[in-house]
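# Residue-level structural notes
Listed below are the residues making up each chain.
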Amino acid sequence: MKISTAEVAQLKATVKNQSGAAIKNTIVNFAETGGSLLVFSPTSGTAATDENGVAMLEVKAAGGTSLGATTVGASAQVNGQPVTISQVVTLTSAPSTGQVDPQTLASALNFLDANPADRSIVIAGAGGSGRSESATLRFRVVDRNNASVKGAAVVFNVVPANAVTLNIPRAVSDSEGVVTTTVSSRNIATAVVINAQVEGKNISSQSDQLTITTGIATQRGFDLSASKFHLNSAISGDSSELTVRIIDSNGNPVADGVPVVFTADYGRVGSSTRGGCTTVNGACTVTYEVQDPRPADGTLATVTVSTQVGNGTAISGVLRLAIVNPGDLNIYTSSEGGSLFGDFDLNTCGKQSFQVFVGTPANFAAPAGTGVAVTTGISDLTATVLAGGTILDQRAFGRRTALSVEFDRTAVAGSGSTTVEIKLTSGAVVQTISRRLNFAACTGAAP
C-alpha cells in the first residue's frame, strides 16, 4: 500500500471464522511494527468489526518528512485464539493516484473571495449601471498540509435561509481545490453569509457577510430641489443648481449610474453633452440657466425631471422657477393683489415706520438676493430699512416680499415734501422706484 505524506488512507481488516462467515463486534488492534512513521485515527489503534466482519481506521504520515516503508499489523481474538495479519505501507512525498478518496483527504475548507469585491449586491430588478444582482463566492478545500484537494464535494447553504437564491447548492473542487457557488438577490434588503461544508464530514467554513441593498427607485423617494427659485430674467445665464435625490422603498440610495433626464419649457437645463445626469450615491445635479425663451410675469418656468425603473415604469417630478424681470418690480399695499403703494405721509414729528410689499404685478417676489436701499431728498430726513434689506429666496410663489422702512424727521421742523427713492439691486441691474414723502410742520419738540 502506498500513500503520500499529504494523504489520509483507510486500513481495513476482515475477521471470519473457520467456515468463512463474517464475525461482527470483534475488537481489532492495529499497530505499526518496525518504525514510527504513521499516526492512527482513532489514536488507540482499535476498531470493531461491522456486520461484514470489517474493522476500519484511518492512517496518515506522522509528518511531512515521514518517508519510507513500514509495516502495520492487525490482530484479533477469534474463538479464544489470536489471529494476526500485516500490511506493508510505503510513504512518499507525492500523492498516489486513485488510492485516496478526496473526501477523506480533505482536512480544511477556507473562504477565498467574493465577487463583487465589496460584497454588496442590489435587490432583484435594480441591477445595471455597474451594479449586480448576483454574487460569486469561492472556497478552497485543502489537506492537513494545506495542499489543494481535487475532486472533493462541497455543499452550500444560506444563513438566513431563503434570504437569497442559492444557484449552486453543491460543487466539486477543481485542480486548485476551489469550489464556487453563486447567489442571486430577491426583493428584500438584508445581509447573509454562505456556509460551505465538505460533504459527509464535519469540515465547514463561511463567507464574509454579503449585503443586499439598494432597490428600485420609487416615486415617493424622488426628491427635487433647487439652489434658487427666483431668478433674474434680465441676466442671461443667471443660474440655479437643480438636484434630484432618489431612494428605494427601504430608504437606501439607488445604485450609482441611474440616468435622470431634465427638460425645460423656458430657459436651458443641462449641458451640450448631456441634458440630464447620472446618480452618484443616489443623487445628481444639473444647472438651469436663464435665456430665451423667457416666461412672462406670472408664468413659471417648468423643469420636468424623470427616470425609469427596471420594469420600464416612469418616475417623474417637476421643479418650477420664477424668472423675474427687475423692471417689473414695484411696491404694493399687499403681498398678493392689492394696489400700488402711494405717497408716504408722515403724521409725527419723530420716527414713523411703513410696511410695503416688493414684487411684480403678478405677485412674484424680486429675484433672490436683491438688495434694497431707501433714501430721501432731504439729508436731515433719514430712511432706515428695518426688515427686507435683502430679498431672500423662497420656494413658494405668488407672494411679494414685505419691506419695512422707518423715516426720522426729528431734525426737520417745517412742512413740505420730498422724493423717496427705493433702489432694488439684482446683480448688475438696478431698478429705482420713486414715491413722494409728505410731512406737516412741527411746532414742538419731537416726541
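Scroll up to find the structure this text is about.
Calculation criteria
Residues numbered from 1 in each chain as written. Predicted model: local features only at pLDDT ≥ 70, side-chain atom pairs only at ≥ 80, totals over all residues. Heavy atoms only, no water. Core = buried A, V, L, I, M, F, W, Y, C linked by side-chain atoms within 4.5 Å. Buried < 20%, exposed > 50% of the residue type's maximum accessible area, 1.4 Å probe, protein only. Helix = DSSP H or I, 4+ residues; strand = E, 2+ residues; numbered from the N terminus. Contact = heavy atoms within 4.5 Å. Salt bridge = Lys/Arg side-chain N within 4 Å of Asp/Glu carboxyl O. Pairing = 2+ DSSP bridges. Axes fitted to C-alpha atoms, helices over the stretch in contact; angles between N-to-C directions. Disulfide = S-S within 2.5 Å.

Turning to the nonpolar core, a few remarks are in order. Core analysis: the biggest nonpolar cluster contains 28 residues, and Leu-109, Phe-139, Phe-156 and Val-192 have the highest contact counts within it. Going through the elements one at a time, strand 9 (108-115), strand 11 (134-142), strand 12 (153-159), strand 15 (178-184), strand 16 (190-198) and strand 18 (210-213) are the ones with two or more residues in this core. Not counting the four nearest positions on each side in its chain, Val-192 is found in contact with Val-158, Val-159, Pro-160, Ala-163, Val-164, Asp-208, Gln-209, Leu-210 and Ile-212. Counting residues in hydrophobic clusters, the runner-up holds 27 residues, among them Phe-222, Cys-284, Val-305 and Ile-315.

All told, the structure shown has seven salt bridges when counted by the stated rule. Across the salt bridge formed by Asp-208 and Arg-119, the nearest N and O atoms sit 3.0 Å from each other. Of the two residues, Asp-208 is situated in the loop between strand 17 (204-206) and strand 18 and Arg-119 in the loop between strand 9 and strand 10 (120-122); the sequence distance between them amounts to 89 residues. Note on Asp-208: relative accessible area 35%, which makes it partly exposed. With its nearest N and O atoms 2.9 Å apart, the salt bridge here joins Lys-228 to Asp-238. You can see Lys-228 sitting in the loop between strand 19 (222-226) and strand 20 (230-232) and its partner Asp-238 sitting in the loop between strand 20 and strand 21 (239-246), a full 10 residues away along the chain.

A separate point is the environment of Phe-439. Locating Phe-439 in the fold gives a position in strand 35 (residues 429-439). Every residue in contact with Phe-439, bar those within four places of it in the chain, is listed here: Leu-346, Ile-378, Leu-381, Arg-409, Val-412, Gly-414, Ser-415, Gly-416 and Ser-417.

Strands sit in the order 29-35-34-31 across an open sheet of four strands; the sheet is mixed. Of all strands in the sheet, those with a lone pairing partner are strand 29 (344-346) and strand 31 (371-376), marking the two edges. Adjacent strand axes in the sheet meet at a mean angle of 25° when their direction is disregarded. The pairing of strand 31 with strand 34 (residues 416-426) spans six bridges and is classified as antiparallel. Paired with Val-374 across the two strands is Ile-422, which belongs to strand 34.

This next bit is on the environment of Thr-304. Mapping Thr-304 onto the fold places it in strand 26 (residues 301-308). Each C-alpha atom, one on Thr-304 and one on Arg-320, is 8.7 Å from the other, the two residues being 16 residues apart in sequence. Setting aside chain neighbours within four positions, we find Thr-304 in contact with Val-261, Phe-262, Thr-263, Gly-317 and Val-318.

This part covers the state of the cysteines. Counted by the stated rule, this structure contains two disulfides. The residue that forms a disulfide with Cys-277 is Cys-284, at a sulfur-sulfur distance of 2.0 Å. Around the S-S axis, the bridge from Cys-277 to Cys-284 shows a dihedral of about 55° and counts as right-handed. Residue classification places Cys-277 among the buried residues on the basis of a relative accessible area of 7%. On the basis of relative accessible area, Cys-284 is assigned to the buried category, the value being 6%. Covalently, Cys-349 is tied to Cys-442 through a disulfide, its sulfur atoms 1.9 Å apart. Judged by the torsion about the S-S bond (-110°), the Cys-349/Cys-442 disulfide is left-handed. Placement of the pair is Cys-349 in the loop between strand 29 and strand 30 (351-359) and Cys-442 in the segment after strand 35, with a sequence separation of 93 residues.

Looking now at unusual backbone geometry. Here the bond from Asn-115 into Pro-116 is cis, since omega is 15°, no more than 30 degrees from zero. Structurally, Pro-116 is set in the loop between strand 9 and strand 10. Residues other than glycine seldom take positive phi values, yet Asn-25 does so here, at roughly 60°. Tracing the backbone through its elements, the reader meets Asn-25 in the loop between strand 2 (8-14) and strand 3 (27-33). Of the residues examined, Asn-25 reaches a relative accessible area of 61% and is grouped as exposed. Located in the positive-phi region is Arg-119, a residue other than glycine, with phi close to 55°. By relative accessible area, Arg-119 is classed as partly exposed at 26%.

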